[in-house]
There are 2 protein chains.
Amino acid sequence: MEDLSPFVENINRKARLSPENMALLTAAFKVVKVKRKQLLIQPGFVAKYRIYVLKGAFHSYVIDDKGNEHTIQFAVEDWWLSDYNSYIHQTPATQFVEALENSIILQVDYQAEQQLKDTNWELATLFRLMAEQTAAYLARRIVSNLTQSAEERYNEFVAKYPQVVQRLPQYALASYLNMTREFLSKIRNDKVRKK
Amino acid sequence: MEDLSPFVENINRKARLSPENMALLTAAFKVVKVKRKQLLIQPGFVAKYRIYVLKGAFHSYVIDDKGNEHTIQFAVEDWWLSDYNSYIHQTPATQFVEALENSIILQVDYQAEQQLKDTNWELATLFRLMAEQTAAYLARRIVSNLTQSAEERYNEFVAKYPQVVQRLPQYALASYLNMTREFLSKIRNDKVRKK
DNA sequence: TATTTTTCTTAAGCTAGTTCATCGCTTTGA
DNA sequence: TCAAAGCGATGAACTAGCTTAAGAAAAATA
């Protein structure tokens, strides 16, 4: 049996739920073990689940016309992810969601989430807060993409998520920060030399 | 008296409200006339309002360390905007929201919106759907920023919003698309020559 | 443990996009 | 109605970041 307390605390930080509703919510999520390199979501298939990472690491990415991979989002312990467009609108995904390590997730399927939202005020509020916070977070990311240079984006990421950086493959981080792996390699190396 | 039917239809496309709730919602929004160049939101002040554009055009932008202006969002008739982070978290704004034309807006203040969401199921659902759709939209924009070249981003924008392009100052569109005004000018000109 | 595959580094040459500067054309405001 | 300011076009010089290529290091797999 997995320890769900990180999940419970994550939820508690967003909204205060009654014990009954916390139990209802928790029951709607299923624990799933995922092997490294396993795909949770693939282009062409509708994203069926909203995913919370209990243990491990994931990234979501798209592959463009030229065959280049672009990481859209990372998630490690206590983070959420999905192909947000596909999940919310229940349309075919455009992104891959892939495990970077052997991982354990909690997932809720779209129907179950709808049912909770349709029948339970506190849980509907929780999901509203999650959507609002997601939108606010994405808005901040757009601003930083529009205003910062490649090096500044890297510095910001390292400052914000110092422990995460080391767990991510550099090529994935590079594409997340909208630069080539080679250029990221150069930035890191220039930094070392300056010291 | 302004004609609010575009607003009503905008809402109806998102959620089916009872006539009473539509009346409640509409009553929470105030009609405000805004002059060209007027600022609705400024850095340092908490964004008090969520804004719907009934008539006119706006853009939101930030000014970076080097003094450069970056347009984050546009809004013309039937679009919504605010400094989303500031509004949702009620923290000081980082963005300007400025009228590009003499405009008429509907605005709801944060307290009023909270009160509606706290007391009314249908309206709480409406705002949840809005947040989900906003997040989905922002996620799409991040993908297109990560995967497309400057010219492709311009083409996409023109294809999506052909009528809007002509009303926007070119320098604002250029910074929205993450390029200089000069480069946008070049792209447009290359296009004309090819024909 | 050896072998294969994937990831990271380095460096040279290149290009998409920027910067700077100049010139008309419009708007704006006194 | 005239001056001032703002906007878009153009071009030359520049640079941040990309491409290509090849080797070194690390990780996965047998």
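For the structure itself, look to the data block above.
Okay, so let's go over this structure. From a predicted model like this one, the values you see are computed outputs, not experimental measurements. (Residues numbered from 1 in each chain as written. Chains lettered and ligands numbered in written order. Predicted model: local features only at pLDDT ≥ 70, side-chain atom pairs only at ≥ 80, totals over all residues. Heavy atoms only, no water.)

Considering the layout of surface pockets
For step 1, the next point in the chain: Put simply, the largest pocket is a space of about 1200 Å³.
For step 2, the next point in the chain: Lining the largest pocket are 48 residues, and of these Gln73, Tyr84, Thr134, Tyr137 and Leu138 of chain A lie nearest its centre.
For step 3, the next point in the chain: Where the lining of the largest pocket is concerned, the elements lending two or more residues are helix H1 (5–14), strand E5 (69–75), strand E6 (80–81), helix H3 (84–89) and helix H5 (121–147) of chain A together with helix H5 (121–147) and helix H6 (150–160) of chain B.
For step 4, the next point in the chain: Ranked by residues supplied to the lining of the largest pocket, first place goes to H5 of chain B with nine residues.
For step 5, the next point in the chain: Its residues assigned to classes, the lining of the largest pocket comprises 20 nonpolar, 16 polar and 12 charged. (1 Å grid on protein atoms, 1.4 Å probe; cavity = no way out; pocket = protein on both sides within 12 Å on 5 of 7 lines; lining within 4 Å. Points joined across faces, edges and corners; volume = space filled by probe spheres on them. Helix = DSSP H or I, 4+ residues; strand = E, 2+ residues; numbered from the N terminus. Nonpolar A, V, L, I, M, F, W, Y, C, P; charged D, E, K, R; others polar.)

Regarding the environment of Thr26 of chain A
Residue and element names in this part refer to chain A.
For step 1, the next point in the chain: Counting through the fold element by element, Thr26 comes out in helix H2 (residues 19–28).
For step 2, the next point in the chain: Taking the C-alpha atoms as reference, Thr26 lies 8.0 Å from Val8; in sequence the two are 18 residues apart.
For step 3, the next point in the chain: With residues up to four places along the chain from it excluded, the contact list for Thr26 reads Leu4 and Phe7. (Contact = heavy atoms within 4.5 Å.)

Remarks on the protein's contact with DNA strand C
For step 1, the next point in the chain: Taken together, Pro169, Gln170, Tyr171, Glu182, Ser185 and Asn189 of chain A together with Arg36, Ala150, Met179, Thr180, Glu182 and Phe183 of chain B form the complete shell of residues around DNA strand C.
For step 2, the next point in the chain: By atom count, sugar and phosphate contribute 78% of the portion of DNA strand C lying within 4 Å of the protein.
For step 3, the next point in the chain: Tyr171 of chain A is positioned with one of its backbone polar atoms (N or O) 3.1 Å from a phosphate oxygen of DNA strand C.
For step 4, the next point in the chain: Between DNA strand C and the protein, one listed contact pairs a phosphate oxygen with a backbone N or O atom of Thr180 of chain B at 3.0 Å.
For step 5, the next point in the chain: Element by element, the count of residues in the surface near DNA strand C is highest for helix H9 (residues 181–194) of chain A, at three residues. (Near = heavy atom within 4 Å. Polar contact = N/O pair within 3.5 Å; in protein donor to acceptor, adjacent residues only side chain to side chain.)

Focus on helix H4 (residues 110–119) of chain A
For step 1, the next point in the chain: Along H4 of chain A, the positions that sit buried rather than exposed are Tyr110, Glu113, Gln114, Leu116 and Lys117 of chain A. Relative to the axis of H4 of chain A, the buried residues are bounded by an arc of 165° and lie together on one face. For H4 of chain A, the exposed residues lying more than 90 degrees away from the buried face are Gln111, Gln115, Asp118 and Thr119 of chain A.
For step 2, the next point in the chain: Taken together, the buried residues of H4 of chain A touch H2, strand E3 (49–55), H3, strand E8 (103–109) and H5 of chain A together with H5 of chain B. (Buried < 20%, exposed > 50% of the residue type's maximum accessible area, 1.4 Å probe, protein only. Arc of directions from axis to C-beta.)

Looking at the interface of chain B and chain A
For step 1, the next point in the chain: Taken together, the contacts link 38 residues of chain B with 38 residues of chain A.
For step 2, the next point in the chain: Approximately 3300 Å² of surface area, both sides summed, lies buried where chain B meets chain A, with 66% of it carried by carbon and sulfur atoms.
For step 3, the next point in the chain: We note a salt bridge from Lys117 of chain B to Glu132 of chain A, for which the minimum N-O separation is 2.9 Å.
For step 4, the next point in the chain: Counting the contacts that link chain B with chain A gives eight residue pairs in polar contact (both at pLDDT 80 or more).
For step 5, the next point in the chain: For the side of chain B that touches chain A, the secondary structure elements donating two or more residues are strand E5 (69–75), helix H3 (84–89), helix H4 (110–119), H5 and helix H8 (170–176) of chain B.
For step 6, the next point in the chain: Top contributing element to the side of chain B that touches chain A by residue count: H5 of chain B, with 19 residues.
For step 7, the next point in the chain: The class makeup of the residues in the side of chain B that touches chain A is 16 nonpolar, 14 polar and eight charged. (Buried area = accessible area lost by both parts, 1.4 Å probe. Salt bridge = Lys/Arg side-chain N within 4 Å of Asp/Glu carboxyl O.)

Some remarks on the pairing of strand E3 (residues 49–55) of chain B
All names here are of chain B.
For step 1, the next point in the chain: In terms of residue burial, E3 counts as a mostly covered element, since five of its seven residues are buried.
For step 2, the next point in the chain: Here six bridges tie E3 to strand E8 (residues 103–109), and the two strands are oriented antiparallel to one another. Note that in E8 the partner of Tyr52 across the bridge is Leu106. (Pairing = 2+ DSSP bridges.)

On their own, these measurements won't tell you what the molecule is for.
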